[in-house]
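The chain contents come next:
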Amino acid sequence: MGPPGSRGSTTAGGSLQHLLLFLLFVGPFNCFASYSRATELFYSLNEGLPAGVLIGSLARDLRLPTASGQHPAAPQPPLSFTLASRGLGGQYVQLDNRSGELHTSAVEIDREALCVESSGATILGGAAAVSSSSSSPSSESCLLLLDVLVLPQEYFRLVKVKIAIRDVNDNAPRFPVPHIRLSVPENAPVNTRLAIEHPALDPDVGTNGVQTYRLRDNYGVFTLDVEENESGERTPYLIVMGALDRETREEYVTVIVAEDGGTPPLVGSATLTIGISDINDNCPQFSDSQLNITLYGNSSLGTHVATVHAVDMDLGSNAQITYSYSQKVPQPSRDLFHLDESTGAITLSSKVDGDTPRLHRLIILGNGPGCIPAVITVLVTIIKVMMRPPEVVPRFIANEAEGVVFLKELEPINTPIAFFTIKDPDEKYKVNCYLDGDGPFRLSPYKPYNNEYLLETTKPLDYETQQLYEISVVAWNSEGFRVNKIIKVQVLDDNDNSPVFSQQLIELSIEENNVPNAFLTKLYATDADSGERGQVSYFLGPDAPSYFALDKTTGVLTVSTQLDREEKEKYRYTVKAVDSGFPPRESIATVTITVLDKNDNSPRFINKDFSFFVPENFPGFGEIGVISVTDADAGQNGWVALSVLNGSDIFVIDTGKGVLRAKVSLDREQQSSYVLWIEAVDGGDPALSSTAKITILLLDINDNPPLVLFPQSNMSYLLVLPSTLPGSPITEVYAVDKDTGMNAVIAYSIIGRRGPRPESFRIDPKTGNITLEESLMQNDYGLYRLLVKVSDHGYPEPLHSTVMVNLFVNDTVSNESYIESLLRKEPDISIEEKQPQISIEPTHKKMESASCMPTLVALSIISLGSIALVTGMGIYICLRKGKKHHRADENLEVQIPLNGRINLHMLEKKPMEISNI
């Protein structure tokens, strides 16, 4: 095919249009044929493979002809493979559009994440394969479905690609709870099977799933068995292998281990606690079979006689014991002694008189559920007393009711409670008394009276330390008779305690963007006082923001609005706990709340558009500019990575500092500007990103010398007729400069001449036109050689090129070989270092904008005119060459050094004629 401007290109374009029209009309009739060529391919692979693993070659597996297999005489259009849709599958596979090879992508496949259902869910995702199969995958396969279109029309088909993702053992078994508790009755027979309700879970399938269970310590009485149901689920069972006795050991703690079938196998474990539940296999037992008790006949009612106690090794209701008299105990004994059926306490319930028997045999039964009662015998011997015991007569000062004295806490020391009068009814014996019992009390004689005693406090009472005291005033005479007067002192509470927070500093944290009315914590304060005085209410301090709420009764602290960490990260305020006493007492705690960061802010560039001006030929990896970006989030969420979305083969960016660099030196003549898109991605999960536009403008420097386009060779020459009039244009030197501005403004000058009368020709410094200055005489015939310097106006150092213009003055060209031999000789030309006379201000001077604009417009017009002139001259020369059958080979320009001899023995150029205009 020819170049874009050739006729062959037009013909090819017309053929392509005819082909498109043909397909447009024929396409509908090929519909059924295309769908009939649908094909299915099956591949399989392991999960977790890296990027670039070959899954399969669609061209090879479909047996389609490839470019290497086509016959040279019958070229075919190249095959094209395209995914019909870019669904989820597109992120897992890479399809080569030309070769049809299917590879894994950079996104790693996790079978357990893609196929949640154990029965093999079908998804649209990517995977990698190492082998292909023509058979359909099994029902347990995790499938990835892809639709691939094969073009062009000759090979069009829809290929259904199914990729089965094979499981690898990348997950260990895991129990849903870390601690499993199982209860076994102690009478469970050997080989009893108990299902463990929390079996281990393994996301892997097949043999990679859970296979076996074991116990690290079976204590010699347990083992495990595994049962598999119809759906393949394995359930562990605990089997009892020996006799159990709760009274010997009530609990076994071991570790249950689940192991999968992978290579190597992976394990998971949980703590298994086996509790032995109680059964009623023990009966009550007394430690003694008989108790002997002596009781004085003058004992008062309610006197404690004895307490019987039986023991049952069982638990709970199985160990509940009640006490009762045997039917052998006579009724008088039952009436005299009361037996508490719960505690087994025996007390004197009737007064002993002269008719009361002196010996009582009490047979007491200890009864347990479902048991034969245990038996104990209590022998009570009553000793008759002829004298009367001392008398204790109290007179209470403090408030008293039914033998209970009520005192407020914090009463002062030596607070009087009661007077006691101690006397002997028979007035025969001396009576003494003392105080029995613990407590801050004192019983002392009250002088000057005899037998009068005062009971008072020795230090303040504290309700929170002890609420009830039981003391006895004991009176005894010289004969050993004793009398106890029991007094109970009830301490009344006062509001003397402030509420106490469980923590004085309550440190909380909550993620930002919380839901409204989010729960923060529940405050808890205690008050040692009782009743209303101990009831605590909660209040926010005056420094608490209004959007925090504290429930007065429950102490639940909530926040009613969304918190923004970027607005405020920490809150600190006080809370109060107030009791209901009078006056109320309170305490204060401090609450600190740290708002945790969430990735809710995208990276932000300081500008949406960045522009950088860079001089061309800027060294590679030099700093072009700095891209500033910020992220209001904190920590990993605020870490920002920068990358170049386009042009990454030329430009790179420093992720940490944001410095933009070019890998290579940039040339303005190849490309004057670049537009890049920079993406900033933070470190959150999921990550947030933003983009910015970067415009790089290359500033021109004078790095290109003028390029001479005409004449095209130092060996070419022109025939100048002697009749040419002075002032007539002879030829021109045309050059272009790839630079811009003043670096591209060109000036022409003749720096070397040779010929019969070389000063006969001059060159225009602006246009490069060479004209005849004087009329040519007979002596002026011959070859003229003009060395032309083409220089730009670059700053600070202009660049130049040279070209040799050869003019042959004669009526005709009679001997071309002679002229060519002269051209091959090295001319002896002296160099004239003469600057071209062109009125252009140097670039380093200031130029007024009003004078620059016309100059630039004029230069643009001159450039366009020069291009048109060169194009016309080229066409003219080609036509002349076609007529004279000249050789078509042309040579490139030869640069002539300014200092030294000129070597013109280069390639040849046929002469061109020019006539007077």
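This is a predicted model, so every value here is computed, not measured. (Residues numbered from 1 in each chain as written. Predicted model: local features only at pLDDT ≥ 70, side-chain atom pairs only at ≥ 80, totals over all residues. Heavy atoms only, no water.)

The next thing to look at is the sheet that holds strand 26 (residues 391-396). Taken together, the 4 strands give an open sheet; going across it, the order is 26-29-32-31, and neighbouring strands pair in antiparallel fashion. Edge strands, defined here as strands with exactly one partner in the open sheet, are strand 26 and strand 31 (441-445). Each adjacent strand pair in this sheet contributes to an overall mean axis angle of 25°, direction not counted. The pairing of strand 31 with strand 32 (residues 452-457) spans 5 bridges and is antiparallel. The residue of strand 32 that forms the bridge with proline 445 is tyrosine 453. (Pairing = 2+ DSSP bridges. Helix = DSSP H or I, 4+ residues; strand = E, 2+ residues; numbered from the N terminus. Axes fitted to C-alpha atoms, helices over the stretch in contact; angles between N-to-C directions.)

With that settled, consider the nonpolar core. Soluble, globular proteins show a tendency: their nonpolar side chains are buried together. Residues Leu58, Phe81, Leu102, Val161 and Ile163 are the most contacted members of the largest nonpolar core, which totals 28 residues. Secondary structure elements with two or more residues in this core: strand 1 (39-46), helix 3 (58-61), strand 3 (80-83), strand 4 (93-95), strand 8 (142-151) and strand 9 (157-166). Looking at which element gives the most residues to this core, the answer is strand 8, with 5 residues. (Core = buried A, V, L, I, M, F, W, Y, C linked by side-chain atoms within 4.5 Å. Buried < 20%, exposed > 50% of the residue type's maximum accessible area, 1.4 Å probe, protein only.)

In this section: helix 6 (residues 816-824). By the burial criterion, the buried members of helix 6 are Ile819, Glu820 and Leu823. Along the axis of helix 6, the buried residues cluster in a sector spanning 100°; they form a single face. (Arc of directions from axis to C-beta.)

This part takes up the sheet that holds strand 55 (residues 729-732). With antiparallel pairing, 3 strands are arranged side by side in an open sheet as 55-59-58. Each end of this open sheet is capped by a strand with a single partner; those strands are strand 55 and strand 58 (761-763). Each strand of the sheet is rotated relative to its neighbour by a mean of 25°, with strand direction disregarded. Where strand 55 and strand 59 (residues 769-772) come together, 3 bridges link them in antiparallel fashion. Residue pairing across strands places threonine 731 opposite isoleucine 770, the latter belonging to strand 59.

Let's shift gears to the state of the cysteines. The full count for this structure, using the stated rule, is 2 disulfides. The partner cysteine of cysteine 115 in its disulfide is cysteine 142, sulfur to sulfur 1.6 Å. What sets the handedness of the cysteine 115 and cysteine 142 disulfide is the S-S torsion sign, and at about 65° it is right-handed. Taken together, the residues span a long stretch of sequence, with cysteine 115 in the loop between helix 4 (111-114) and strand 6 (122-123) and cysteine 142 in strand 8 at a distance of 27 residues. Comparing cysteine 115 with cysteine 142 shows no difference in burial state: the two are buried. Two residues share a disulfide in this structure: cysteine 283 and cysteine 371, whose sulfurs sit 2.3 Å from each other. Because the torsion about its S-S bond is -85°, the bridge between cysteine 283 and cysteine 371 counts as left-handed. (Disulfide = S-S within 2.5 Å.)

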